[in-house]
Amino acid sequence: MSSTRNGTEAGADGYDVVVVGGGNAGFCAAHAAREQGARVLLLEKGAKGEDGGNSYYTAGAFRVAHGGPDDLADIVDDETRSLLPTTDLAPYTAADFAADMVRITEQRCDPAMTAVVTGDSAAAARWLHGKGVRWRLMYERQSYVSQGRHVFFGGLALGVVDGGKGLIEQHTRAAEDSGIEIRYGATVEEIVRDPDGAVRGVAYTGPDGRPHRVTARATVLAAGGFEANPELRRRHLGAGWENAVVRGNPLNTGEVLEMALGVGAAGHGDWSSCHSVAWDSGAPVGGGDRVYTNQHTRQSYPIGVVVDTDGRRFLDEGADYRNYTYAKYGKEILRRPGGRAFQLFDAKTRPLLRPQEYDTDSVTEVVADTVAELAARLGVDPDGLAATLDGFNAAIVDAPFDPAVKDGRAARVDPPKSNWAQPIDTAPFYGYPVSCGITFTFGGVHVDGDARVLTESGAPIPGLFAAGELVGGLFSGNYPGGSGLTAGAVYGRRAGTAAASQEP
């Protein structure tokens with residue numbers, strides 16, 4: 001039987017910490033426990049090649065506090081460093097991050113948890129850099145060129161080289177190099193407790209269908225939410241949500257979250273809302289596209305207009321930077337007839353669309369020489385669309401257009417477009433059918449600052465920790481872009497550190 005470096009006895013299988021879930025949060029927990037000297041086992045539900053949780057399907061963006069380009073120069077790649085002299089990136093403090101969390105969730109984020117994530121975000125990025133995570137600035141996603149300079153917007157700039165795919169590859173390499181054991185195709189069936197109620201490991205079914213039981217002094221749950229479970233979506237999010245398209249991991253079906261509640265964990269946060277985006281209507285409905293992953297998102301809507309099948313606009317495309325609106329607009333699309341909408345652009349705005357989302361083989365695109373033809377090919381009411389665009393084009397205020405800043409170039413219609421309004425009047429015209437793509441759910445278990453899972457009375461459940469999307473309390477109704485991976489890293493690191501010191 002093995003021991004940790006401080007002499008405390010490990011579990012019967014020789015593990016000190018077992019981590020459930022092989023996404024970003026789970027790997028961060030495993031790294032942190034391992035660096036404390038613990039012997040760590042990571043159980044991943046996906047088979048090799050289907051692993052990585054939701055993290056694999058992301059663009060790899062991390063929202064972190066920083067002091068501007070010079071503050072990040074020592075952790076970014078060479079290509080980014082070569083562009084820093086022509087980069088405008090305003091400092092983004094922990095206070096700025098916290099203020100965005102409060103504003104975007106309309107004060108429904110847990111204050112203590114928010115302080116943990118925003119306060120530790122910069123340190124987490126540097127810690128991950130030390131684990132082999134490679135950073136860059138996301139010029140193609142988060143900046144526009146204005147007067148010869150790359151201007152970043154919306155408080156988000158830092159991303160992982162090669163996106164979510166690269167993040168999981170780098171995490172996996174670091175784990176293997178440090179001696180963390182990973183078992184793939186492991187479906188957890190039970191959280192194991194001793195007679196006193198302390199958690200002592202898990203039971204799982206392996207890829208061969210055989211049952212296994214792993215004991216350990218501490219267990220970290222990082223298995224995601226319930227976004228890939230239509231029944232739970234309908235139960236918690238409401239009628240109609242069973243029709244949402246799964247954006248990422250089809251294996252996040254919520255059973256581990258329900259097990260945690262079943263052993264006494266307190267539910268926390270907003271169980272009635274989620275992260276959902278505009279998603280290509282031609283993408284696979286069940287998620288799991290390992291090739292295009294995040295590229296099915298359609299996020300250049302702030303410089304166009306969005307209409308429903310009646311040809312009517314139904315949201316303010318320019319209410320804020322994309323980073324602060326995209327995660328709530330999927331819900332608005334789901335509410336429209338047929339759960340579909342259409343992003344429209346013309347010859348002036350088409351060149352500004354994100355190439356990694358709109359110039360791929362996966363894109364569903366309609367191009368037409370007239371608005372009437374575009375409407376017919378999209379299946380949109382032509383008279384309704386003509387009236388909408390005529391009124392929109394006529395209502396645009398005379399202000400300079402600049403996609404890099406909130407330019408105040410508004411269309412005074414109902415609903416308004418507050419920024420970046422350009423008339424849709426120059427052929428050819430472009431249309432992109434979109435549906436609601438659900439990313440992750442916001443409700444989860446309650447944890448303290450050490451990521452210990454709490455009961456309804458606020459007492460920690462001995463031996464049980466949690467991190468990532470399985471944790472509730474941080475987001476409600478909306479979400480600041482890039483904060484999910486950051487939260488997973490911060491709480492994953494804390495979970496692993498605390499789990500490694502769990503007494504037997």
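The rules behind each value
Residues numbered from 1 in each chain as written. Predicted model: local features only at pLDDT ≥ 70, side-chain atom pairs only at ≥ 80, totals over all residues. Heavy atoms only, no water. Helix = DSSP H or I, 4+ residues; strand = E, 2+ residues; numbered from the N terminus. Rg over C-alpha atoms; globule rule 2.2 N^0.38 Å. Contact = heavy atoms within 4.5 Å. Areas by Shrake-Rupley, 256 points an atom, 1.4 Å probe, with all protein chains shown as cover. Lys, Arg positive; Asp, Glu negative; His and termini not counted. Charge placed at Lys NZ, Arg CZ, Asp CG, Glu CD. Core = buried A, V, L, I, M, F, W, Y, C linked by side-chain atoms within 4.5 Å. Buried < 20%, exposed > 50% of the residue type's maximum accessible area, 1.4 Å probe, protein only. Domains from an automatic or database assignment. Buried area = accessible area lost by both parts, 1.4 Å probe. Salt bridge = Lys/Arg side-chain N within 4 Å of Asp/Glu carboxyl O. Polar contact = N/O pair within 3.5 Å; in protein donor to acceptor, adjacent residues only side chain to side chain. Nonpolar A, V, L, I, M, F, W, Y, C, P; charged D, E, K, R; others polar. Arc of directions from axis to C-beta. UniProt positions renumbered as here; feature names shortened; annotations may be inferred. Pairing = 2+ DSSP bridges.

1. Quick word on the overall build of the protein chain
In step 1: Check the secondary structure of the protein chain and you find 14 helices and 22 strands.
In step 2: Against the 2.2 N^0.38 benchmark of 23 Å for 504 residues, the protein chain shows a C-alpha radius of gyration of 23 Å, consistent with a compact globule.
In step 3: When the backbone C-alpha atoms are referred to their principal axes, the protein chain occupies close to 75 × 50 × 40 Å.
In step 4: Put simply, of all contacts in the protein chain between residues at least 6 apart along the chain, 73% involve residues at least 24 apart.
In step 5: In the form shown here, the protein chain has an accessible surface area of approximately 18,200 Å², with 49% of it arising from carbon and sulfur atoms.
In step 6: The average position of the 48 basic charges and that of the 64 acidic charges among the side chains of the protein chain differ by 1 Å.

2. Some remarks on the nonpolar core
In step 1: Core analysis: the biggest nonpolar cluster contains 131 residues, and Val17, Phe62, Trp135, Leu137, Leu221 and Val445 have the highest contact counts within it.
In step 2: If you tally residues by element for this core, the top one is helix H14 (residues 483-500), at nine residues.
In step 3: Residue-level mapping places this core at the junction of two domains, with at least three residues from each of domain 1 (15-272 + 440-501) and domain 2 (275-436).
In step 4: Beyond its immediate sequence surroundings of up to four residues, Phe62 is in contact with Asn24, Leu128, Trp135, Leu156, Leu158, Val160, Leu167, Gly482, Leu485, Thr486 and Ala489.
In step 5: If you look at the next biggest cluster of nonpolar residues, it comprises 18 residues, including Val305, Val307, Leu374 and Ala421.

3. Section: the domain arrangement of the protein chain
In step 1: Looking at the protein chain, the domain boundaries give domain 1 (15-272 + 440-501) and domain 2 (275-436).
In step 2: Each of domain 1 and domain 2 has a C-alpha centre, and the two are 30 Å apart.
In step 3: Every contact between the two is made by 40 residues of domain 1 and, on the other side, 37 residues of domain 2.
In step 4: If you sort the residues of domain 1 by the area they bury against domain 2, Arg141, Tyr144 and Arg247 come out on top, with a joint share of 23%.
In step 5: A salt bridge links Arg103 to Asp320; the nearest nitrogen and oxygen atoms lie 2.8 Å apart.
In step 6: Where domain 1 touches domain 2, the interface holds 26 residue pairs in polar contact (both at pLDDT 80 or more).
In step 7: For the side of domain 1 that touches domain 2, the secondary structure elements donating two or more residues are helix H4 (94-104), helix H6 (139-142), strand E6 (143-146) and strand E13 (245-246).
In step 8: Of the residues in the side of domain 1 that touches domain 2, the class split is 18 nonpolar, 13 polar and nine charged.

4. Observations concerning helix H9 (residues 255-262)
Note: α-helices contain 3.6 residues per turn, so residues at a spacing of three or four share the same orientation.
In step 1: Inspection of H9 places Val256, Leu257, Met259 and Ala260 among the buried residues, and these make up the whole buried set. Taken around the axis of H9, the buried residues stretch over an arc of 160°, which confines them to a single face.
In step 2: Looking at the buried residues of H9, the elements they touch are strand E1 (15-20), strand E10 (187-193), strand E12 (211-221) and strand E20 (444-445).
In step 3: Downstream of H9 by a residue or two, Gly264 has a phi angle that is positive, lying close to 110°.

5. Looking at the UniProt feature "domain: FAD-dependent oxidoreductase 2 FAD-binding" (unreviewed entry) in the protein chain
In step 1: The UniProt record marks residues 16-483 with the feature "domain: FAD-dependent oxidoreductase 2 FAD-binding" (unreviewed entry), using the residue numbering of this structure.
In step 2: Counted over residues 16-483, helix gives 26% and strand 22%. Its end C-alpha atoms are 30 Å apart.

6. Notes on the environment of Phe440
In step 1: Within the secondary structure, Phe440 sits in strand E19 (residues 429-441).
In step 2: For the pair Phe440 and Asp390, spaced 50 residues apart in the sequence, the C-alpha separation amounts to 37 Å.
In step 3: Leaving out residues up to four positions away in the same chain, Phe440 has contacts with Asn54, Glu227, Cys274, His275, Glu469, Phe475 and Tyr479.

7. Details of the sheet that holds strand E4 (residues 87-88)
In step 1: On the basis of which strands lie adjacent, the open sheet formed by three strands has the order E4-E7-E6 and mixed pairing. The sheet is open, and its two edges are formed by E4 and E6, each paired on a single side.
In step 2: Bridge count between E4 and strand E7 (residues 149-152): two bridges; the pairing is parallel. For Asp88, the partnering residue across the bridge sits in E7 and is Val151.

8. Focus: the pattern of salt bridges
In step 1: Under the definition given, this model contains 33 salt bridges.
In step 2: A salt bridge links Glu365 to Arg350, with the shortest nitrogen-to-oxygen separation between them at 3.4 Å. Remark: Arg350 occurs in the loop between strand E17 (341-345) and helix H11 (355-358) and Glu365 occurs in the loop between H11 and strand E18 (366-368); sequence separation between them is 15 residues.

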